[in-house]
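Structural overview for review
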Amino acid sequence: MNTIHPMAIVDPEAKLGDGNYIGPFCVINKDVVIGDNNKFLNSVTVHDGARIGSNNEFFPGASIATKPQDLKFKGEITTAEIGDNNSIRENVTISRGTASKGKTVVGSGNLLMENMHVAHDCVIGNGCIIGNSTKFAGEVVVDDNAIISAEVLIHQFNNIGGYVMIQGGTRTSQDIPPYVIAGKEPVRFAGVNLIGLRRRGFSNETIDAIHDTYRIIYASSVLKDGIVEARAKYPDSKEVDYICTFIENSKRGIIR
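Presented here is an overview of the structure given in this document. Everything numeric in this text was worked out from a predicted model, so none of it was measured.

1. So, the nonpolar core
Formed by 62 residues in total, the largest nonpolar core has its most connected members in F40, I52, I64, I94, F136 and V142. At the level of secondary structure, the elements contributing two or more residues to this core comprise strand 9 (50–52), strand 11 (63–66), strand 12 (79–82), strand 27 (180–183), helix 2 (204–219), helix 3 (223–233) and helix 4 (238–249). Here this core gets six residues from one element, more than from any other, and that element is helix 2. Ignoring sequence-local partners within four residues, the contact set of F40 consists of Y21, I22, G23, C26, I34, V46, I52 and F58.

What follows is the structure in structure tokens.
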């Protein structure tokens, strides 16, 4: 059974699971699918195209599946897909997709802090923490367990690797590879995220391999040569393979 405040507006064609709480002044539009046990505190707007899982909490002023801020958008049917167990704080805005990818995706177990923005066609993984007033432009990809501090600006089409720590106020138009700390002005590699990796249970041996891989790659005058050397030295390391594959696939170049 759902609890819907009498001052909320829920379109009768919206599809709701069970155990949801929809607070006062919330608006749930027609083309919306919601799972179970979600909490929509007051003044949350869920637009057409929202696909929401279970056990999420949406704080006042959140706006989900908003129309993309993209002049190429021509009203095509697209979605914004949100997984389970997310905390979506005050005034967070998540745009739905465009014809480019068709959907914006936010995974599960994420904390999206106050006033941050996820633009059209972004893909956010699982277990991420994203700080106040951080803004993602269109088609940004963030891998699992990234920590992105407050007031960070991420250029469109950028990729952010898993297990990174990005300093508050950072601006980047290049990809940030996994397991690193990124910051300063202009943004640059500031070391391996040692504390974060230890908190996540990475062994000292694995951390040493990650650190050595970045030493090899950044010391090489040609990135491809560094990647070849790192792969040869650590052929069985999935972490090293992740780093190398991320860099090989980078279209915008990586921070140095």
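2. Points about the packing of helix 2 against helix 3
Where helix 2 contacts helix 3, the axes come no closer than 7 Å and their chain directions differ by 150 degrees. Judged by the inter-axis angle, helix 2 sits roughly antiparallel to helix 3. Crossing handedness for the pair helix 2 and helix 3: right-handed. Between helix 2 and helix 3, the contacting residues are D212, T213, R215, I216 and I217 on the first element and L223, G226, I227, E229, A230 and K233 on the second. Across the contact of helix 2 with helix 3, the residue classes break down as five nonpolar, two polar and four charged.

3. Here we look at the packing of helix 2 against helix 4
Put simply, helix 2 and helix 4 touch, their axes get as near as 9 Å, and they point 30 degrees apart. In terms of their interaxial angle, helix 2 and helix 4 are classed as roughly parallel. As for the relative orientation of helix 2 and helix 4, their crossing is right-handed in sense. Here helix 2 contributes T206, A209, I210, T213, Y214 and I217 to the contact with helix 4, which in turn contributes E239, V240, I243, C244 and I247. The residue makeup of the contact of helix 2 with helix 4, split by class, is eight nonpolar, two polar and one charged.

4. Digging into the packing of aromatic side chains
Two aromatic rings, taken as a pair, are described by how far apart their centres are and by the angle between their planes. Taken as a whole and assessed by the stated rule, the structure comprises eight aromatic pairs. On the numbers, 4.7 Å between centres and 45 degrees between planes, the contact of F189 with Y218 is tilted. Residue F189 is located in strand 28 (residues 188–192), and its partner Y218 is located in helix 2; the two are separated by 29 residues in the primary sequence. Under the relative-accessibility criterion, F189 is labelled partly exposed at 24%. Chaining the aromatic ring pairs together yields one cluster made of Y163, Y179, F202 and Y242.

5. Re helix 2
Compared with an ideal rise of 1.5 Å per residue, which puts 16 residues at 22 Å, helix 2 spans 22 Å between its outermost C-alpha atoms and is within 8% of the ideal. Of the positions making up helix 2, those classed as buried are T206, I207, A209, I210, D212, T213, Y214, I216, I217 and Y218. On its buried side, helix 2 packs onto strand 27, strand 28, helix 1 (194–199), helix 3 and helix 4.

6. Looking at unusual backbone geometry
For the peptide bond that leads from E185 to P186, omega is 0 degrees, which places it in the cis range. One can find P186 in the loop between strand 27 and strand 28. Phi is positive for N115, which is not a glycine, with a value near 70 degrees. Within the element layout of this structure, N115 appears in the loop between strand 16 (111–112) and strand 17 (117–118). Classification of N115 as partly exposed rests on a relative accessible area of 28%. For Y163, which is not glycine, the phi torsion reads 65 degrees and is therefore positive. Here Y163 shows up in the loop between strand 24 (159–160) and strand 25 (165–166).

7. Things to note about the sheet that holds strand 27
Spatially, the 11 strands line up as an open sheet ordered 1-4-7-10-13-16-19-22-25-27-28, and their pairing is mixed. The sheet terminates laterally at strand 1 (3–4) and strand 28, the two strands that pair on one side only. Inspection of the sheet shows strand 13 (residues 87–88) paired to strand 16 by two bridges, in the parallel sense. Counterpart to I88 in the pairing with strand 16 is L112. Helix 2 contacts strand 27 and strand 28 of the sheet and is inclined by roughly 150 degrees relative to strand 28.

What counts, and at which threshold
Residues numbered from 1 in each chain as written. Predicted model: local features only at pLDDT ≥ 70, side-chain atom pairs only at ≥ 80, totals over all residues. Heavy atoms only, no water. Core = buried A, V, L, I, M, F, W, Y, C linked by side-chain atoms within 4.5 Å. Buried < 20%, exposed > 50% of the residue type's maximum accessible area, 1.4 Å probe, protein only. Helix = DSSP H or I, 4+ residues; strand = E, 2+ residues; numbered from the N terminus. Contact = heavy atoms within 4.5 Å. Axes fitted to C-alpha atoms, helices over the stretch in contact; angles between N-to-C directions. Parallel < 35°, antiparallel > 145°, perpendicular 65-115°, else oblique. Left-handed = near helix turned anticlockwise from the far one by under 90°. Nonpolar A, V, L, I, M, F, W, Y, C, P; charged D, E, K, R; others polar. Phe/Tyr/Trp six-rings, centres within 6.5 Å; stacked < 30°, edge-to-face > 60°. Expected span 1.5 Å × (residues − 1). Pairing = 2+ DSSP bridges.

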